[in-house]
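Structural overview
Now for the letters of each chain:
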Amino acid sequence: MSALTHAEIEDLLGVYALNALDGDEHELVERHLEGCPRCRAEVAQHREVAATLAATGGPAPEGVWNRIAAVIEGDAPDMPLALPRGDGAVVPLRRSPAPGSFSRRAVAAMAAAAAVVVALLGVGLVRQDQRLDDLQVAMSADALERAAVAAQADPEALVARMESDDGDVHATAAVLPDGKGYLVGRNLPVLDVDRTYQLWGVTPDDVISLGVLGPQVDVAGFAAHGDVKSLVITEEVAGGVVSSEQPPALQGELI
Amino acid sequence: MDSDELQAASDATLVVAISRYRHEALAEAYRRPAGAVFGLARRLLADASSAEEIVQEVFLRLWNHPEKFDHERGTLRSYLLAQCHGRSVDLLRSETSRRLREERDVRRAAEAGYDLEHEVLDLSQAERVKAALDQLPDQERRAISLAYFGGHTYREVATILDQPEGTVKSRIRAGLRRLRTELADVVGGGA
């Protein structure tokens, strides 16, 4: 089917919202909606109206919830993250930015942080913390994925959009007010087996190893206690190091 | 977050809690619109057993893919009902359920009255919705009813009503817009 004009698409929005389109037209509208906020808003309005028409005073049969509950019973009931000793809190500085936003001020701050990090790593003000390995054993990959999605969407989370110097490699980390952190770094190149990525937290006084990530980073959990202001990832020898002398591979300020 | 907080939680807060495997958050998300979801599926499929399966599928999908819900694109209630409607319609239109649909239509043909007003059962909203429906031109009301509660495509609606397809498209859109205006104090917050 050939492309439709915007006016022709608009004429289909009502029937689309009621799932009354055939397959081809349905797909055409779906593709249009991806890039048209105005039409998305109209569809949302039509669906709210339809939801009102669907109102019913009767409850769903009791057995349905029991079956749902039985299915989800085996899923992780809660995040099995053991917080570190101490207050374990990251003080929220301000609300996380909208997804996709990345302020120039943050870029400047990252550059400044880079100099600080290199200096701090060099003088060895670091301490090793292998907590990440334990966390990853405790959490399934699926649970980590879900938790990372939730953390990045949480308005109370601090989010670091980490980049390499050339901007080619990205990772995103989110730290919740209780110190639980999640790193998503699918864009990181896979290292040789004798190398590993290592995550560091930078505080005003210290650089803390937050975990050894392995040669391939997908989604990882960590605990960022204390006054961690920014995050840095370095490449190290397998097993990680206590004190890094490597330049940051990626870095980003928690904002 | 205790049960009182969950009951007062916004859609976005509830879905974030579901992302963290909070069973009680899914229970709250279920408590709110499950009756409407079941009612819509049963209306479409004319079969309580199939409707129960749809309800289970819709809420397990929310549990497994909470990120699919975008609170900026409507309420959780309308999202779940749209999921329910889409899944029910898929089932209705599938080859394997063609016989189910034919049987359903036979049952409906035997029923006295088949109009939108009788689909709206929530006593707290029925009068408002009925009044809004009364304001609709008959052709718009019938087209919306056949598409939404009948699960028909607009082309099928055009055949049933013996009207041009373009006319049916326009009438459904115009009718939904008119209903939104009339039901402004009842309709949930959309985008």
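Right above here is the structure, for reference.
The sections below set out a description of the structure shown in this document. (Residues numbered from 1 in each chain as written. Chains lettered and ligands numbered in written order. Predicted model: local features only at pLDDT ≥ 70, side-chain atom pairs only at ≥ 80, totals over all residues. Heavy atoms only, no water.)

**Describing the interface of chain A and chain B**
By convention, interface size is frequently given as the accessible area that disappears when the constituent parts associate. With 51 residues of chain A in contact, the opposing surface of chain B contributes 66 residues. Of the roughly 5,300 Å² buried at the junction of chain A and chain B (both faces included), carbon and sulfur atoms supply 62%. When residues of chain A are sorted by the area they lose upon contact with chain B, A:Glu48, A:Leu53 and A:Arg146 head the list and together hold 15% of the total. Residues A:Glu42 and B:Arg177 are paired through a salt bridge, measuring 3.5 Å at the closest nitrogen-oxygen approach. Our count for the contact surface shared by chain A and chain B stands at 16 residue pairs in polar contact (both at pLDDT 80 or more). Among the secondary structure elements, those contributing two or more residues to the side of chain A that touches chain B are α1 (6–17), α3 (37–53), α4 (62–72) and α7 (141–153) of chain A. Within the side of chain A that touches chain B, the residues separate by chemical class into 28 nonpolar, eight polar and 15 charged. (Contact = heavy atoms within 4.5 Å. Buried area = accessible area lost by both parts, 1.4 Å probe. Salt bridge = Lys/Arg side-chain N within 4 Å of Asp/Glu carboxyl O. Polar contact = N/O pair within 3.5 Å; in protein donor to acceptor, adjacent residues only side chain to side chain. Helix = DSSP H or I, 4+ residues; strand = E, 2+ residues; numbered from the N terminus. Nonpolar A, V, L, I, M, F, W, Y, C, P; charged D, E, K, R; others polar.)

**As for the packing of helix α2 (residues 11–19) of chain B against helix α3 (residues 23–31) of chain B**
All names here are of chain B. α3 packs onto α2 with a crossing angle of 140 degrees between their chain directions and a minimal axis gap of 7 Å. In terms of orientation, α2 lies oblique with respect to α3. Our pair here, α2 against α3, has a crossing hand that is left-handed. For the pair α2 and α3, the contacting residues are Leu-14, Ala-17 and Ile-18 in the first and Ala-25, Leu-26, Glu-28 and Ala-29 in the second. Looking at the contact of α2 with α3 residue by residue, the class counts come to six nonpolar, no polar and one charged. (Axes fitted to C-alpha atoms, helices over the stretch in contact; angles between N-to-C directions. Parallel < 35°, antiparallel > 145°, perpendicular 65-115°, else oblique. Left-handed = near helix turned anticlockwise from the far one by under 90°.)

**Focus: unusual backbone geometry**
All names here are of chain B. You will see that Tyr-21, though not glycine, has its phi angle at about 60 degrees, which is positive. Note on placement: Tyr-21 falls in the loop between α2 and α3. A positive phi angle, close to 55 degrees, is found at Asp-162, a residue other than glycine. Residue class for Asp-162 comes out exposed when judged on its relative accessible area of 71%. (Buried < 20%, exposed > 50% of the residue type's maximum accessible area, 1.4 Å probe, protein only.)

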